[in-house]
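Overview (structure and organization)
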Amino acid sequence: MQGPTRRDSLILGAGLMLAGAAPARVPGAQDSLDALARTRGMRFGSAVAWGPPRSDTGSFANPNYAALIARDCGVIVAENEMKWQALRPSPTTFDFARFDAIVAYAAAARLAVRGHNLIWHQPKWMPHWAESHDYGATPKREAARLLGDHIRTVVRRYGTRIADYDVVNEAVNPADGTLYETTLSRALGGAEPTLDLAFRTARAEAPHARLVYNDYMSWEPGNERHRAGVLRLLHGFRARGVPVDALGVQSHLITIGADARASVSRMQGDWRRFLDEVVAMGFGLVVTELDVRDNALPADPVARDRIVADYTRGYLDVTLGYQQVSDILVWGMSDRYSWIEGFEPRADGARRRPTLYDTAFAPKPMRAAVADAIRAAPARTPQRSERREI
Ligand code: 9MR
């Protein structure tokens, strides 16, 4: 393992400078989504991405974006910078530079940080070296060492600065609901013991933290096997006594037609049945990555924004009705930096409009819909707010 390098310190410094340049956060501002969420016993937050200072490639380097974070968020999560692909250039080294910069920015702006993620258990999201790693003569022991060292090193570095971890991300194959296997899990004896070890290690190292299983099983038709697979996994965690506190409901929503109200009434029954079963097992809920893929909608931005807002409102009305939901995080605040544009552009070539603010950082109807849904949500008794305050 490597200690902090000079590059780490430089980037940490850059993060602090940026944070210094950001407008001061106004605690309790009426207009802040986080302030609003706190009146209901929840928090509001967003993903941010690292970018070189003064560039327009990563979100928080842009002061206009930082201003949105400062206004609306009480918690942030790194879009990519805590993943193995970012932290682990090789089996023997760590590179914390970019994630440290985000953590430093959060500290200066007085924001909590969610940790995303300690393992994204799919071959394509593990670093290349992990898929071809030589696990040697005692593969089980070597795999357990590799996974355990990774989690212990990351969690120890941030200590109580991070009180919320997506310990495991997307381990269920949506096509059939089975668990993915990786070279690591094959060496370790299977996916289940691998995921269990991840949670047990995280609990031992971070007894203060909420430990989350995070996935994108959604409410739209076509997610039935994915939801069933996640429920099986959660039942298994409970049966084996694995320390999992909450389900991260990513909430990458997809519109399925122009009539938002009809979509909501069509899907809410299945969604409630799913959430009912999750909370009956005693799990908490976190909305971890909300955004909307505006499929099957007219290109006209005014019409599109209206439908996206109504669809979001319908989804949140059902979901925030569960008192177990403690936080709502969006996967980016502005259309300018959304991953969706690159991942799945619209067939008609119109730019995607998946987030609360447009490319020029002006609020869209979706922001008002989120605010209204939070206002309409029942107040919840904070279960562990003392632990989560920074
Ligand atoms: O938004 C992220 C994108 O920039 C990355 O290229 C991608 C792969 O690391 O991950 C995206 O974030 C994903 C998140 O980590 C897990 N849930 C789905 C998100 C969107 O794909």
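Just so you know, these numbers come straight off a predicted model, no measurement behind them.

1. Quick word on the overall build of the protein
- The helix and strand inventory of the protein stands at 15 helices and nine strands.
- Taken against the 2.2 N^0.38 rule, which gives 21 Å for 390 residues, the C-alpha radius of gyration of the protein at 20 Å falls within 12% of a compact globule.
- Its C-alpha atoms give the protein principal-axis dimensions of roughly 60 × 45 × 45 Å.
- Evaluated residue by residue, the protein yields a buried proportion of 59% over its 390 residues.
- In the protein, the proportion of contacts linking residues at least 24 apart, taken out of those at least 6 apart, comes to 79%.
- By element, 54% of the accessible surface of the protein is carried by carbon and sulfur atoms, the whole surface being about 15,200 Å².
- Of the side chains in the protein, 50 bear a positive and 45 a negative charge, and the two mean positions are spaced by 3 Å.

2. A few points about the pattern of salt bridges
- Using the criterion set out here, one finds 31 salt bridges in the structure.
- In this structure, the salt-bridge partner of arginine 145 is aspartate 149, at a minimum N-O distance of 2.9 Å. Residue arginine 145 and its partner aspartate 149 are both found in helix H7 (residues 139-158); the two are separated by four residues, about one turn of the helix.
- Look at arginine 145 and you get partly exposed, because its relative accessible area is 36%.
- Taking the shortest distance from any N to any O, the salt bridge between arginine 240 and aspartate 196 comes out at 2.6 Å. Within this pair, whereas arginine 240 is found in the loop between helix H10 (224-239) and strand S6 (246-249), its partner aspartate 196 is found in helix H9 (residues 191-205), the two being separated by 44 residues in sequence.

3. Looking at the site of the ligand
- Neighbouring the ligand are 13 residues; Glu79, Lys83, His116, Glu170 and Glu289 lie closest to it.
- In this structure, an oxygen atom belonging to the ligand sits 3.1 Å away from a side-chain N or O atom of asparagine 80.
- Contact between the ligand and lysine 83: an oxygen atom at 2.7 Å from a side-chain N or O atom of the residue.
- Summarising the interface, the protein chains cover 79% of the accessible area of the ligand, which totals 460 Å² for the free molecule.
- Of the residues that constitute the shell around the ligand, the class distribution is four nonpolar, five polar and four charged.

4. Structural notes on the side chain of aspartate 358
- Along the chain, aspartate 358 turns up in the loop between helix H13 (339-343) and helix H14 (365-376).
- As a buried residue without a salt bridge, aspartate 358 has its nearest oppositely charged side chain in arginine 353, at a separation of 4.9 Å.
- In contact with aspartate 358, not counting residues within four places along its chain, are Ser334, Asp335, Arg353 and Lys364.

5. A short note on the nonpolar core
- In terms of nonpolar packing, the biggest core is built from 108 residues, with Phe44, Tyr213 and Leu247 touching the most fellow members.
- Of the residues forming this core, the biggest block, eight residues, is contributed by helix H11 (residues 260-280).
- Here leucine 247 is in contact with Val212, Tyr213, Met217, Val230, Leu234, Phe274, Val278, Phe283, Gly284, Leu285 and Val286, once residues within four sequence places are set aside.
- The next biggest cluster of nonpolar side chains, apart from the first, holds six residues, and it includes Ala47, Val75, Ala112 and Trp331.

6. As for the packing of helix H12 (residues 301-319) against H14
- Two numbers describe how H12 lies on H14: the axes approach to 8 Å, and their chain directions differ by 20 degrees. The orientation of H12 with respect to H14, classified from their angle, is roughly parallel. Our pair here, H12 against H14, has a crossing hand that is right-handed. Where H12 abuts H14, its residues Asp305, Arg306, Val308, Ala309, Thr312, Arg313, Leu316 and Asp317 lie against Pro365, Met366, Ala369, Val370, Asp372, Ala373 and Ala376.
- A breakdown of the residues in the contact of H12 with H14 according to their chemical character gives nine nonpolar, one polar and five charged.

7. Details of unusual backbone geometry
- Put simply, histidine 116 and asparagine 117 share a cis peptide bond, and its omega is -5 degrees.
- Along the chain, asparagine 117 falls in strand S3 (residues 112-120).
- Positive phi values are uncommon outside glycine, yet alanine 296 reaches one of about 55 degrees.
- Position of alanine 296 relative to the elements: it lies in the loop between strand S8 (284-293) and H12.
- Of note, phenylalanine 361 is a non-glycine position whose phi angle comes to about 70 degrees, a positive value.
- According to the relative accessible area criterion, phenylalanine 361 is buried, its value standing at 12%.

8. A look at the packing of aromatic side chains
- Using the criterion set out here, one finds 13 aromatic pairs in the structure.
- Where phenylalanine 99 meets tyrosine 158, the ring centres are 5.0 Å apart and the plane angle is 80 degrees; that geometry is what we call edge-to-face. Taken together, the residues span a long stretch of sequence, with phenylalanine 99 in helix H5 (residues 97-108) and tyrosine 158 in helix H7 at a distance of 59 residues.
- Between the aromatic rings of tryptophan 120 and tryptophan 125, the centroid separation amounts to 4.5 Å while the plane-to-plane angle is 25 degrees, which identifies the pairing as stacked.
- In this structure tryptophan 125 comes out as partly exposed when scored by relative accessible area, which is 31%.
- Just above the ring of tryptophan 84 sits the side chain of arginine 88; from NZ or CZ to the centre is 5.7 Å.
- We note arginine 88 situated over the ring of phenylalanine 94; from NZ or CZ to the ring centre the distance is 4.0 Å.

Conventions and cut-offs
Residues numbered from 1 in each chain as written. Predicted model: local features only at pLDDT ≥ 70, side-chain atom pairs only at ≥ 80, totals over all residues. Heavy atoms only, no water. Helix = DSSP H or I, 4+ residues; strand = E, 2+ residues; numbered from the N terminus. Rg over C-alpha atoms; globule rule 2.2 N^0.38 Å. Buried < 20%, exposed > 50% of the residue type's maximum accessible area, 1.4 Å probe, protein only. Contact = heavy atoms within 4.5 Å. Areas by Shrake-Rupley, 256 points an atom, 1.4 Å probe, with all protein chains shown as cover. Lys, Arg positive; Asp, Glu negative; His and termini not counted. Charge placed at Lys NZ, Arg CZ, Asp CG, Glu CD. Salt bridge = Lys/Arg side-chain N within 4 Å of Asp/Glu carboxyl O. Near = heavy atom within 4 Å. Polar contact = N/O pair within 3.5 Å; in protein donor to acceptor, adjacent residues only side chain to side chain. Nonpolar A, V, L, I, M, F, W, Y, C, P; charged D, E, K, R; others polar. Core = buried A, V, L, I, M, F, W, Y, C linked by side-chain atoms within 4.5 Å. Axes fitted to C-alpha atoms, helices over the stretch in contact; angles between N-to-C directions. Parallel < 35°, antiparallel > 145°, perpendicular 65-115°, else oblique. Left-handed = near helix turned anticlockwise from the far one by under 90°. Phe/Tyr/Trp six-rings, centres within 6.5 Å; stacked < 30°, edge-to-face > 60°. Lys NZ or Arg CZ within 6 Å of the ring centre and 35° of its normal.

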